[in-house]
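Architecture and fold: a report
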Amino acid sequence: MFALGKLILLSHNAYSTVANKKKMQLSAFFPFYRNHNVLAALPQEPYRWESVASASRSAMHIRYSLLPYMYTLFHQAHTTGSTVMRALAWEFPNEPQLAGVDTQFLLGPNILVTPVLEPQVDTVNGVFPGLIDGESWFDWYTGERVNAEAGVNTTIPAPLGHIPVFVRGGSVLPTQEPGYTTTDSRKNPWGLIVALSHDGEATGSLYVDDGESLEPSETLDISFVAMKSQLKVEVQGGYKDNNTLGNVTVFGVAGGCGQVKLNGATIEASKVDYNQTSSVLKLSGLNELTRGGAWQGAWTLSWA
């Protein structure tokens, strides 16, 4: 608990513009996220400094994009007792040296956050767990696979306003287009980030309900399985969600990309963007292809 306790304590102490910026960036990935102050203390609302406001907007955009992932984590915590925010050693118990890592944390099993906790620096050192067992990590912003050595502190660029965030290979993350509030966000198109393992595989899940009922009568449990250049989606439950699928991004598509098809129908080239250098496949504008709702039934996406 010390590792998480230290990070939480750091997030609640701010005495300068730079400190406020770091606090807002770091806390955006905590389960509980708000700013607070005490009477007679210096004002510290993020909008008081443009640089802090800009950094906060960037971090909050990621947080709100990941709300479906976080909501699913909370459902799993409620039903299985798993944790939402995790120390690295909890997720990778076979690496005892991770017990001493108190400057990084995981959001669920698949998001690694490496915040800048020191003033006047533009890099941060961080370890990438699991590499010794074949795990891989991708940069959230570029989708490029991280080049690092197992058990070695890696120097990570972290210019002012940028918080290093990484996606675990082998995972499928549900996302949603951010709105100004959680209510607005729930009305927006869905998205998926598929981060392929070295074997070209990934799994994930999404839990959906009405977002209000303490004991919802209808829910959805969606499972994602990627392998052999295909993403298969299975849907269980009776809850009706009419939001379309807006985009899918696949990390780690090495060796080129062929025709992209959704349920056997070819997706037009204007909606497909493949970067051979970064091995990232981006599909956008899928709304018309998923009219009636992204989770109205099972479907398969292929890019062989």
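Just so we're clear, the structure is a prediction, and the values are computed from it rather than from any experiment. (Residues numbered from 1 in each chain as written. Predicted model: local features only at pLDDT ≥ 70, side-chain atom pairs only at ≥ 80, totals over all residues. Heavy atoms only, no water.)

1. Brief notes about the packing of aromatic side chains
Where we set the bar: Note on ring pairs: Phe, Tyr and Trp rings are taken, using the six-membered ring of Trp, and paired if centres are within 6.5 Å. Classes follow the plane angle, with under 30 degrees stacked, over 60 edge-to-face and the rest tilted. Helix and strand assignments come from DSSP, with helices taken as H or I runs of at least 4 residues and strands as E runs of at least 2, each series counted from the N terminus. Remark: exposure states derive from per-residue accessible area (1.4 Å probe, protein chains only) relative to the maximum for the residue type, with buried under 20%, exposed over 50%, and partly exposed in between.
Counting across every chain of the model gives eight aromatic pairs. Ring centres of Phe224 and Trp295 lie 5.8 Å apart, and the angle between their planes is 65°; on these two criteria the pair is classed as edge-to-face. Note that Phe224 is positioned in strand 11 (residues 220-227) and Trp295 in the loop between strand 17 (280-283) and strand 18 (299-302), a separation of 71 residues in sequence. Across the pair, Trp295 and Phe224 agree in class, each one buried. Cluster of aromatic residues (ring-pair linked, three or more members): Trp190, Phe224, Trp295 and Trp299.

2. What to know about the nonpolar core
The test is simple: The criterion is simple. A nonpolar core is a set of buried Ala, Val, Leu, Ile, Met, Phe, Trp, Tyr and Cys residues joined through side-chain atoms within 4.5 Å. By the convention used here, residues are in contact when the closest approach between their heavy atoms is within 4.5 Å.
Residues Leu231, Trp295 and Leu301 are the most contacted members of the largest nonpolar core, which totals 29 residues. Sort the elements by how many residues they give to this core and strand 11 lands first, with four residues. Apart from residues lying up to four places away in sequence, Leu301 is in contact with Ser229, Gln230, Leu231, Val248, Val260, Lys261, Leu262, Ile267 and Leu283. Listed in part, the 27 residues of the second largest apolar core include Phe30, Tyr33, Ile62 and Ile163.

3. A few points about the environment of Asn125
The following threshold applies: Throughout this description, a polar contact denotes any pair of N or O atoms lying within 3.5 Å of each other; where both atoms belong to protein, one of them has to be capable of donating a hydrogen while the other can accept it, and for residues adjacent in sequence the pair is counted only when both atoms sit in side chains.
With respect to the helices and strands, Asn125 occurs in strand 4 (residues 123-126). Sequence-wise, Asn125 and Ala158 are 33 residues apart; in three dimensions their C-alpha atoms are separated by 9.6 Å. Among the polar contacts made by the side chain of Asn125, one reaches the side chain of Thr155 at a distance of 3.2 Å.

4. A short note on the pattern of salt bridges
Filter applied, for reference: By definition here, a salt bridge exists when the distance from a side-chain nitrogen of Lys or Arg to a carboxyl oxygen of Asp or Glu is within 4 Å.
For the structure shown, the criterion picks out six salt bridges. The partner of Arg86 in a salt bridge is Glu91, with the nearest N and O atoms 2.7 Å apart. We classify Arg86 as buried; its relative accessible area is 10%.

5. Comments concerning the sheet that holds strand 5 (residues 137-139)
To keep things clear, this is the line we draw: The pairing criterion for strands is at least two bridges between them, as found by DSSP.
Read from one edge of the open sheet, five strands run 1-2-3-7-5, paired in antiparallel fashion. A strand with exactly one partner marks an edge of an open sheet, and here the two such strands are strand 1 (85-86) and strand 5. As defined by bridge partners, strand 5 adjoins strand 7 (residues 165-168) across three bridges and the pair is classed as antiparallel. Bridging across to strand 7, Asp139 finds its partner in Phe166.

6. Comments concerning helix 4 (residues 67-80)
An α-helical turn contains 3.6 residues, so any two residues separated by three or four positions project in the same direction. Here is the rule: A helix is expected to span 1.5 Å for every residue after the first.
Counted at 1.5 Å a residue, the expected span for helix 4 with its 14 residues is 20 Å, and the 19 Å between its end C-alpha atoms agrees. All of the buried residues along helix 4 are Pro68, Tyr69, Met70, Thr72 and Leu73. Buried residues belonging to helix 4 abut helix 3 (50-65), strand 2 (105-107), strand 3 (111-113), strand 8 (171-176), strand 9 (190-195) and strand 10 (202-208). Where helix 4 terminates, the next one or two residues include Gly81, which has phi positive at roughly 85°.

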